[in-house]
Every structure is written in C-alpha cells, then in structure tokens.
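Structural description and commentary
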Amino acid sequence: MASKYGTQTVDSLAQEPSALPVQLIGLSDCPATEVRAERSNHRTIAKAQLHAVGSIADISANWSAKVVVASNEQADRTKMAAVYDSMSATLLKDGLNLAAVAAIRQFYGKTDAQPEPLFYEHFPTPLQQGAVRLVVFQPVQAEPLIQLAHSACHDVLGSLPPGMQPHASLPSSFHLTVFMTSQPGDPRPDPFTPGGGIDATHPPVPIPAASAATLQREVDTFRQIALTARPAFEVHSVVFANSGTVLLCLVDTTSQLSSMRQRISKSFPGASSKQSSIMHMTLGRVLQPRQLQDSERQAVQQQCNQWTSKLKGHVFKPDTLWHIQEHQFTTVAGVQTPLPLATIER
C-alpha cells in the first residue's frame, strides 16, 4: 500500500539479489523468524552519506535530545505522565531540535522523495547482519490500537508544512524498546565485556556481529529475565517530540518495566551506553531540519491532542519479549526470537 509519508511495501529479501543471507547461528533451541523489511526496488539508498566519528555513525546530537528518566520515576505512572506533558510543552516553546533531526536523517535514503530507512549493510561503513541487537515488546498487528496509531501518525505528519520530509513507519515496525545491547551508533559485539568488545576509534570493517557463542549467551540471558516480569501498558498521549519524532507514549500499569531494565543493564555491562528511559512506540518522524513557526507548532499539537483524546487509556499487554537482530534501521526487520514473559498468576 502506497503512502505519501513513507514506503508502504514489504518485499522479500530473497527477491533482492544483493541481499545478504540470514544465518540463525547458535540458536537451535530458540524458534527464530526472519521478518522482512521495508524495501524499495531502487538501490540508491546505498549511496546515502553519513556523518561519522571515525567510521561509526555519529548520532550524539539525537541522543542528547532524548529525555532521561530515573528508574524510580519510570515506575511511577504519574511522573511519567508529567514527563510526556513536558515533552509536548518543550516543542511548543522551543520548536524542533534541528541538530537531532539532522543526526537521524543520515539513517534514511531517498529523503528527496519518500524517505526509507537504510539497511545496515548499506552504511558507508557496513555493519554485519546481527551487529544491531535489541529486545522489544511488539503489539499484535490485529489490535485496533495499531491501526489507530498509524492513522494518528498520518494526521500529525499531515498537519506539518510542506517540505518537512515526513516518514510514517509501517505498523509492522511499531515496537516498544526495552533495551539495546548493540546500537548502530554504538555497536557492541560483546555486551558482556566492558567496552563491548570493540575499539570505537578504529572499528573493523564491516562492524562485526556478535559471535555465535555470545549471541547464544545473550538470548539465554534475556530469556531468563523475561520469565521474571510481565509489564502491561496504557496509552497516555500522542507526542510530537522536539527530535521530530511522532511518539505513542505509554505508562506501565504494573511498575515492572523499570526493574526489568535494571536487571538487564546489570547483566550486560558492555552494552550500548545510551538506552531508552521512557515507554513509547515511534510512529514516524520528519527528516528536514527546518524550524517550525509558532502557528505550525500549534497545528501539530492540536492533532496530537485530538488523537490523545481518542487513544488515551487503550491498553497494550504483551506476553512475549522479542530479541531482534535488526537488519534495517528502526524497523525491527530481521531475525526475531520470541522469549515468553512470566505467566499471569490466576
């Protein structure tokens, strides 16, 4: 399905002759699935230019724009609600953080037409498949919340002035990030070793994935932690953040995610240093670092408010933590391994 806001086709990687084969290494006891990615028939996205520190993509400006919430506050739904309200207020007061928008723009191709997230294999300094790894909660695609959130994203992006280069994520890409062991801007082949097993000043080319043994240990560690918790979430608001990102912001009705993240962090001392500390799904974003005028900010906030009133209180109750070996930026397309959460006591 075509969309003015982003590529809405999902083609098999096997149909692309230049696609790298997917290897399920060391995971014979973990049923893993390869999830296909957003992909164009054109190969021009391989030519995108990235800003870099050494040869690792520099997204520090985007990281600095992210809200950092203390663990104890993550467990408090009232304090999380205040965080989300402050994010909306910041956009209205200060507008976009242009450096943050520019930093994330480098991860997209075809920005002059319909932007597409880059495949990691197409980075000027390529990353091996499996170099980017994270665990997420994914909503069931049949849930009404998903299509409603997708519609919200289109309306929010549609309220922006022309030329902002919007991209709406596919509903199949919606996810709540719990933890990233290895990020594209901070790759960590060995998240169990302080420093992550890589020299960031002189990284190898291509940037390596985890070894089979490390990957197995990583998945097994997450499997054990997954069995200790079962968070549940409720929609708080739709927020257009100053990073240019449309967010579906949630609160944890069980207060379990914060402690789960803490257990994960202690288990992976060499994981990527920057982690998400809010609870959200990224629905879309703009890629043009152009400041919004006051009236334009008010227009986009009005759409956010309207959709917040429609979505507030919707619940999201995952039963699985998904380990992802991601192949394409922020799409969770790649090798997915399901890890059951704790059983609900009856």
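Residues numbered from 1 in each chain as written. Predicted model: local features only at pLDDT ≥ 70, side-chain atom pairs only at ≥ 80, totals over all residues. Heavy atoms only, no water.

Here we come to the overall build of the protein. If you tally the helices and strands in the protein, you get eight helices and 14 strands. Pairs at least 24 apart in sequence give 81% of the contacts found in the protein among residues at least 6 apart. As displayed, the protein offers around 14200 Å² of accessible surface, 53% of which is attributable to carbon and sulfur atoms. (Helix = DSSP H or I, 4+ residues; strand = E, 2+ residues; numbered from the N terminus. Contact = heavy atoms within 4.5 Å. Areas by Shrake-Rupley, 256 points an atom, 1.4 Å probe, with all protein chains shown as cover.)

In terms of residue burial, strand S14 (residues 334-340) counts as a mostly covered element, since five of its seven residues are buried. For strand S1 (residues 33-35) and S14, the ladder comprises three bridges, and the chain directions are antiparallel. When the bridges of S14 are listed, Val35 appears paired with Gly334. Here strand S13 (residues 320-326) runs beside S14; their pairing, made up of seven bridges, is antiparallel. Its bridge partner lying in S14, Thr320 is registered against Pro340. (Buried < 20%, exposed > 50% of the residue type's maximum accessible area, 1.4 Å probe, protein only. Pairing = 2+ DSSP bridges.)

Now for the state of the cysteines. Defined simply, a disulfide is a covalent bond joining two cysteines at their sulfur atoms. Enumeration over the complete set of coordinates arrives at zero disulfides. Cys304 provides the cysteine sulfur closest to Cys249, a residue in no disulfide bond, and the two sulfurs are 9.3 Å apart. A relative accessible area of 0% means that Cys304 is categorised as buried. (Disulfide = S-S within 2.5 Å.)

Most of S13 sits inside the fold, with six of its seven residues counted as buried. The pairing of strand S6 (residues 132-137) with S13 spans five bridges and is classified as antiparallel. Among the inter-strand pairings, Val135 is bridged to a residue of S13, identified as His323.

It is at 8 Å that the axes of helix H3 (residues 77-94) and helix H8 (residues 294-311) come closest, and there the two elements cross at 155 degrees. Between H3 and H8, the angle falls in the class roughly antiparallel. Contacts from Ser88, Leu91, Leu92, Lys93 and Asp94 of H3 reach H8 at Arg297, Gln298, Val300 and Gln301. Considered class by class, the residues forming the contact of H3 with H8 number three nonpolar, three polar and three charged. (Axes fitted to C-alpha atoms, helices over the stretch in contact; angles between N-to-C directions. Parallel < 35°, antiparallel > 145°, perpendicular 65-115°, else oblique. Nonpolar A, V, L, I, M, F, W, Y, C, P; charged D, E, K, R; others polar.)

Our next topic: the pattern of salt bridges. Summed over all chains, the structure comprises eight salt bridges. Across the pair Asp94 and Lys93 runs a salt bridge, and its minimum N-O distance is 3.2 Å. Of the charged contacts in the structure, one is a salt bridge between Arg188 and Asp186, with a shortest N-O distance of 2.9 Å. You'll find Arg188 and Asp186 in the same group, each marked buried. (Salt bridge = Lys/Arg side-chain N within 4 Å of Asp/Glu carboxyl O.)

Take the packing of aromatic side chains next. The full count for this structure, using the stated rule, is nine aromatic pairs. Aromatic side chains Phe222 and Phe268 sit 4.7 Å apart centroid to centroid with 25 degrees between the ring planes, which places their arrangement in the stacked category. Remark: Phe268 occurs in the loop between helix H7 (257-267) and strand S11 (280-286) and Phe222 occurs in helix H6 (residues 212-226); sequence separation between them is 46 residues. The same class applies to Phe222 as to Phe268, namely buried. Through successive ring pairs, a cluster of aromatic residues spans Phe107, Tyr108, Tyr120, Phe123 and Phe329. A cation sits over an aromatic face here: Arg217 above Phe192, 3.8 Å from the ring centre. Over the face of the ring belonging to Trp307 we find Lys310, whose NZ or CZ atom lies 4.2 Å from the ring centre. (Phe/Tyr/Trp six-rings, centres within 6.5 Å; stacked < 30°, edge-to-face > 60°. Lys NZ or Arg CZ within 6 Å of the ring centre and 35° of its normal.)

What follows concerns empty space enclosed by the protein. Applying the stated rule across the entire model yields one cavity of 30 Å³ or more. Here the largest cavity defines a volume of roughly 30 Å³. For the largest cavity, the full set of lining residues is Ser169, Ser173, His175, Thr282 and Thr330. Classifying every residue of the lining of the largest cavity gives no nonpolar, five polar and no charged. (1 Å grid on protein atoms, 1.4 Å probe; cavity = no way out; pocket = protein on both sides within 12 Å on 5 of 7 lines; lining within 4 Å. Points joined across faces, edges and corners; volume = space filled by probe spheres on them.)

Before going further, it helps to spend a moment on unusual backbone geometry. Here the residue pair Val205 and Pro206 is connected by a cis peptide bond, since its omega of -5 degrees sits within 30 degrees of zero. Take Pro206: it is sitting in the loop between strand S8 (176-182) and H6. With phi around 55 degrees, Lys110 is a residue other than glycine that occupies positive phi space. You can see Lys110 is positioned in the loop between strand S4 (108-109) and strand S5 (116-117).

Mean pLDDT for the protein: 85, with 84% of residues reaching 70 or above. Here residues 1-30 is a poorly scored stretch, pLDDT under 50, and it has 78 contacts once near neighbours within four places are set aside; other chains count. The low-confidence segment residues 39-54, where pLDDT is below 50, has 42 contacts with residues more than four positions distant or belonging to other chains. (pLDDT = per-residue confidence, 0-100.)

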